[in-house]
Amino acid sequence: MLFLDFEKPIEELYEQLAELKKTADLNDDVGALNTAVAALEKKIISTRKNIYNNLTGWQKVQLSRHPKRPYTLFYIEQMCSRFVEMHGDRCFKDDKAIVGGIGKIDKHSVMIIGQQKGTDIKMRQYRNFGMPNPEGYRKALRLMKTAERLDLPVVCLIDTPGAFPGIEAEERGQAEAIARNLFEMAKLRVPIICVVIGEGASGGALGIGVGNRIFMMENTWYTVISPESCSTILWRNVEHKKEAAEALKLTGEHALEFGIIDGIIKEPVGGAHLQPEEAAKILKRHLKKELTALSELSKDELVESRIEKYSKMGSVTYKK
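Quick look at the structure, then. (Residues numbered from 1 in each chain as written. Predicted model: local features only at pLDDT ≥ 70, side-chain atom pairs only at ≥ 80, totals over all residues. Heavy atoms only, no water.)

### So, the state of the cysteines
Inference 1: Here the structure, examined in full by the defined rule, presents zero disulfides.
Inference 2: This cysteine, Cys-80, is not joined by any disulfide, and Cys-156 carries the nearest cysteine sulfur, 13 Å off.
Inference 3: The thiol of Cys-194 is unpaired, and the distance to the nearest cysteine sulfur, on Cys-156, comes to 4.5 Å.
Inference 4: Among the residues examined, Cys-194 registers a relative accessible area of 0% and is labelled buried. (Disulfide = S-S within 2.5 Å. Buried < 20%, exposed > 50% of the residue type's maximum accessible area, 1.4 Å probe, protein only.)

Given below as structure tokens:
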């Protein structure tokens, strides 16, 4: 089991538990041993709850990047009884950092699109660490337009450290591809539900992040820049990343307070990586509820409510 730095008290309890279980063969008093084990397990649960009820912004950033955290394809596999992946942007190539296709979530047929990071170093390189190129956003838009023609709701699962910043991406029109998605998603005549399932960084997240409903899973973040990049710009090094994380107000609680998202989806205690199947069940229930609610709106109401939603974000102060 991999522990993060703030989980040190939990790690120590697990070590004590392992040592205690090693003495099982040497201990004649099985009843006393079982009582001690149960007490330690209970203490692990209470300690985990105490830690996870008081997480800082930086700690949530760490959790969103946990190597065992479930990614888009895992959620699709768990939630969909059927899924047909679709490839390519019909212009340049198939970007492996963005996956998408038609899936069946119980009675709901949907177009699911999301960033995919990869579960090991080889797959992370193959998926470009979840950083899409322009062709990834163009593929996503092609799938959204297909969903509109087929009258299918769109579900976007956001998990990216940002759009790929390479020169070749800029040469192929990274900014234009993201801007085009914002424009087209604003007026798409089908329901759009967006969920931040991991990292939600900058335009890379926003490129598939315009929807009628926006949600964040509990241990995720969503903001214009990563804490490390913010620290590098303001302090010329990454040593102030924790301060930057707090200043950016990047947690779900902050985003909900600012009116950026519509709600926070709770995760199993300890994070989605500890009980990924349970996290998928929670997400599935939430999506089904929202899909049912949005199905009652007309196409015009979907577009109007989406535009109104984003028009209300932020505030403007005029000075005479």
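### Brief notes about the nonpolar core
The nonpolar side chains of soluble globular proteins are, as a tendency, buried together.
Inference 1: Residues Met-111, Ile-113, Met-144, Val-154, Cys-156, Ile-208 and Tyr-222 are the most contacted members of the largest nonpolar core, which totals 29 residues.
Inference 2: Listed by contribution, the elements that provide at least two residues to this core are strand S3 (108–115), helix H6 (134–150), strand S4 (154–160), helix H8 (174–186), strand S5 (192–201) and strand S6 (213–217).
Inference 3: For this core, the element with the highest residue contribution is H6, accounting for five residues.
Inference 4: Excluding anything up to four places from it in sequence, Ile-208 contacts Ile-113, Gly-114, Gln-115, Tyr-137, Ala-140, Met-144, Cys-156, Leu-157, Ile-158, Asn-181, Met-185 and Cys-194.
Inference 5: One finds Met-217, Ile-265, Ala-279 and Ile-282 within the second-largest nonpolar core, a separate group that totals 24 residues. (Core = buried A, V, L, I, M, F, W, Y, C linked by side-chain atoms within 4.5 Å. Helix = DSSP H or I, 4+ residues; strand = E, 2+ residues; numbered from the N terminus. Contact = heavy atoms within 4.5 Å.)

### Some words on helix H10 (residues 227–235)
For an α-helix, 3.6 residues make a turn, and residues three or four places apart therefore share a direction.
Inference 1: Among the residues of H10, those classed as buried are Pro-227, Cys-230 and Ser-231. Looking down the long axis of H10, one finds its buried residues gathered within 100° of arc, a one-sided arrangement.
Inference 2: Summarising the contacts, the buried residues of H10 are in contact with helix H3 (57–64), strand S7 (221–223) and helix H11 (241–248).
Inference 3: Of the residues flanking the end of H10, it is Arg-236, one or two places downstream, whose phi is positive at about 70°. (Arc of directions from axis to C-beta.)

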